[in-house]
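Survey of secondary and tertiary structure
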Amino acid sequence: MDFAGFIDAAFKGSPALRAKFAEAGAGPAEVRTPEDLVKLPVTRKSELAARQKEDVPFGGFLTVPVKTLQRVFVSPGPIYDPQGPGEDYWGWQEALAAAGFRPGDVVQNTFSYHLTPAGMMFDGALRARGCVVVPAGVGNSELQLQVMRDLGVTGYIGVPSFLYVLLKKADELGLTCPGDLKLQKAWVAAEKLSEDLRALLAERYGIAVFQGYGTADTGCVAYECEMRKGFHVASRAVLEIVDPETGQPVPDGEAGEVVVTILDPVYPLVRFGTGDLGIAAAGSCPCGRAGKRLLGIYGRTSDGVKVRGLFIYPHQVAELQARLRNAGPCRAVVTQTDFRDRLTLQIETPDAARVPDLKDRARALAKELLRLTVDVETVRPGTLSGSDKLIIDERSWK
């Protein structure tokens, strides 16, 4: 489907998109090319969540009956993410091909298959690519290594820090890579990949690491090629870098918010604001592929922080604090040690006798509300008073 055809179909099927056009005082006849998208307002994740609450479950964006979907996922918020028809609905096969994943590769997919879409996103793309998929999910390091060894796994999908955890555990168990383990390539996302870690994985373990960029709402947006000179925008996507305040495009080489339109009439999130700060590259890639490139992601425009592949937001920390009885102010502190994110929940408490119980309840609530395992640190009353930030990110990406 060409761009104009996508706009026509999306406008016809989506009440929410028609409302966005009306807000802009425009009609589909005025949006015929990607350059015309600037006439429409940006739809941000907070608005998507609000629309879904008002018009359950998909906020008026879904254009087909729910019974025709393959799956429905639940991302933190909660936000419902529909999976439409097709073996690679989320579009990641293009990225995996650029990273050298080939038919017959045995690939361990360590993204979660529970509620959130990442596991199934890559499962479908790998199978469409002709790969054999091991749906491993997260955790269970020793079992994951046994599976890698027994099945001769050649590829890894997941966050980079967990790959490093697995390889360090392999070292402890006396398993060599290359050697006992046949891993040759890894495709990572959902977490920042440092160039130091990429180099270490290549030099010590012989693993070529590629990364990509996407969201739970949109699927594949951009990916690295063999030259690793930024991210090629996927053929299914239109990418803009805009001023977060005005929604107007900024010149190549300048930072702005990444705004994405996926050419999918099933769930048309036209001009979806990711909240990520990115820079578009000027000039062509040495690999010869045409089209726009994204140099990288350099932070957030919003107050969300990504930890081990999941976003956490201040309102979630505030809710956790409200539900913790006999506790004072809370804040979440994000650090990184040995390429692994660590989330520590700091809590003021005046009652030292209740600390063990408080820590247990805080860990359980964090698992429920943030979907992450946290460390809990109690601090003296007054330590956090006056702080206006509920999340402190102390990681450095130098």
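Residues numbered from 1 in each chain as written. Predicted model: local features only at pLDDT ≥ 70, side-chain atom pairs only at ≥ 80, totals over all residues. Heavy atoms only, no water.

1. Things to note about the side chain of Lys 185
The criterion, for reference: Elements are defined by DSSP. Helices are runs of H or I of four residues or more, strands are runs of E of two residues or more, and each kind is numbered from the N terminus. Relative accessibility thresholds used throughout: buried, under 20% of the residue-type maximum; exposed, over 50%; partly exposed, between the two (1.4 Å probe, protein chains only). Polar contacts, as used here, are pairs of N or O atoms within 3.5 Å; protein pairs need one atom able to donate a hydrogen and one able to accept it. Residues neighboring in sequence count only if both atoms are side-chain atoms. In this analysis, two residues are considered to be in contact whenever any of their non-hydrogen atoms come within 4.5 Å of each other.
With respect to the helices and strands, Lys 185 occurs in strand S7 (residues 185–188). The exposure class assigned to Lys 185 is buried, which follows from its relative accessible area of 9%. In terms of polar contacts, Lys 185 uses its side chain to reach the backbone carbonyl oxygen of Gly 100, at 3.4 Å. Ignoring sequence-local partners within four residues, the contact set of Lys 185 consists of Ala 99, Gly 100, Phe 101, Asp 105, Thr 154, Gly 155, Tyr 156, Ile 207 and Ala 208.

2. Quick notes on the packing of aromatic side chains
When we look at a pair of aromatic rings, we describe it by the centre distance and by the angle of the planes. As a reminder of what qualifies: Stacked, edge-to-face and tilted are the three classes for Phe, Tyr and Trp ring pairs, Trp counted by its six-membered ring, which pair at centre distances within 6.5 Å; planes under 30 degrees apart are stacked, over 60 edge-to-face, the rest tilted. Working rule: Lys NZ or Arg CZ, within 6 Å of ring centre, within 35 degrees of ring normal, means a charge sits over the ring.
Tallied over the entire structure, the rule returns 11 aromatic pairs. For the ring pair Tyr 89 and Trp 90, a centre distance of 5.1 Å and an interplane angle of 85° mean the geometry is edge-to-face. Each member of the pair, Tyr 89 as well as Trp 90, carries the same accessibility label: buried. An aromatic cluster is defined as three or more aromatic residues linked by ring pairs; in this entry it consists of Trp 92, Phe 111, Phe 122 and Trp 187. Across the ring face of Phe 210, the terminal group of Arg 228 is positioned such that the distance to the ring centre comes to 4.1 Å.

3. Focus on the layout of surface pockets
The gaps of empty space that remain are located by a probe, the size of a water molecule, rolled over the atoms. Worth spelling out the cut-off: Lining residues are those with an atom within 4 Å of a point, where the points come from a 1 Å grid over the protein atoms alone and group into cavities, where a 1.4 Å probe fits but cannot get out, or pockets, open sets with protein on both sides within 12 Å along at least five of seven lines. Grid points are joined across faces, edges and corners, and a volume is the space filled by probe spheres set on the points.
In this model, the second largest pocket occupies a volume close to 220 Å³. Lining the second largest pocket are Pro 34, Glu 35, Val 238, Leu 239, Glu 240, Ile 241, Pro 249, Val 250, Asp 252, Ala 280 and Lys 292. The element that contributes the greatest number of residues to the lining of the second largest pocket is strand S11 (residues 237–242), accounting for 4 residues.

4. Some points on the environment of Gln 83
Mapped onto the elements, Gln 83 comes out in strand S3 (residues 79–83). The residues touching Gln 83, leaving out its near neighbours within four places in the chain, are Leu 69, Gln 70, Arg 71, Phe 73, Tyr 89 and Trp 90.

5. Digging into the pattern of salt bridges
A side chain with one charge may pair with a side chain of the opposite charge, provided their charged atoms come close. Heads up, the condition is: Salt bridges are identified by distance alone: a Lys or Arg side-chain nitrogen within 4 Å of an Asp or Glu carboxyl oxygen.
Per the stated rule, a full pass over the model turns up 23 salt bridges. Linking Asp 393 and Arg 395 is a salt bridge whose minimum nitrogen-to-oxygen distance equals 2.9 Å. In this structure Asp 393 comes out as partly exposed when scored by relative accessible area, which is 35%. Judged by its relative accessible area of 14%, Arg 395 falls in the buried class. A cluster of three or more residues bridged by salt bridges with shared partners is formed by Lys 20, Glu 23, Glu 47 and Arg 51.

6. Some points on the sheet that holds strand S17 (residues 330–337)
The criterion, for reference: Two strands are counted as paired when DSSP detects at least two bridges linking them. Between N-to-C directions, angles cover 0 to 180 degrees, with each direction set by a line fitted to C-alpha atoms, over the stretch in contact for helices.
Across the sheet, 4 strands lie side by side as S19-S18-S17-S20; this open sheet has mixed pairing. Looking at which strands have only one partner, the edges of the open sheet turn out to be strand S19 (375–379) and strand S20 (391–393). For this sheet, the mean angle separating the axes of adjacent strands, direction not counted, is 25°. Where S17 lies against strand S18 (residues 340–348), 8 bridges are found, and the strand directions are antiparallel. Across the sheet, the residue bridging to Ala 332 is Leu 345, located in S18. Packing of helix H9 (residues 314–323) onto the sheet brings it into contact with S17, S18 and S20, and relative to S17 it is tilted by some 125°.

7. With respect to helix H8 (residues 195–205)
Rules: The reported arc concerns the directions from the helix axis to the C-beta atoms and nothing else.
Within H8, burial applies to Leu 197, Arg 198, Leu 200, Leu 201 and Tyr 205. Taken down its axis, H8 places every buried residue within 165° of arc, on the same side. Set apart from the buried face of H8 by more than 90 degrees, the exposed residues are Asp 196 and Glu 203. The elements touched by buried residues of H8 are helix H7 (160–173) and strand S8 (208–215). Once H8 ends, the next one or two residues include Gly 206, with phi positive near 70°.

8. Some remarks on the pairing of S18
A large share of S18 lies buried, amounting to 7 of its 9 residues. Counted along the chain from S17 to the antiparallel partner S18, the turn is 2 residues long, and its residue Asp 338 has a positive phi close to 55°. For S18 and S19, the ladder comprises 5 bridges, and the chain directions are parallel. Bridging across to S19, Thr 344 finds its partner in Asp 375.

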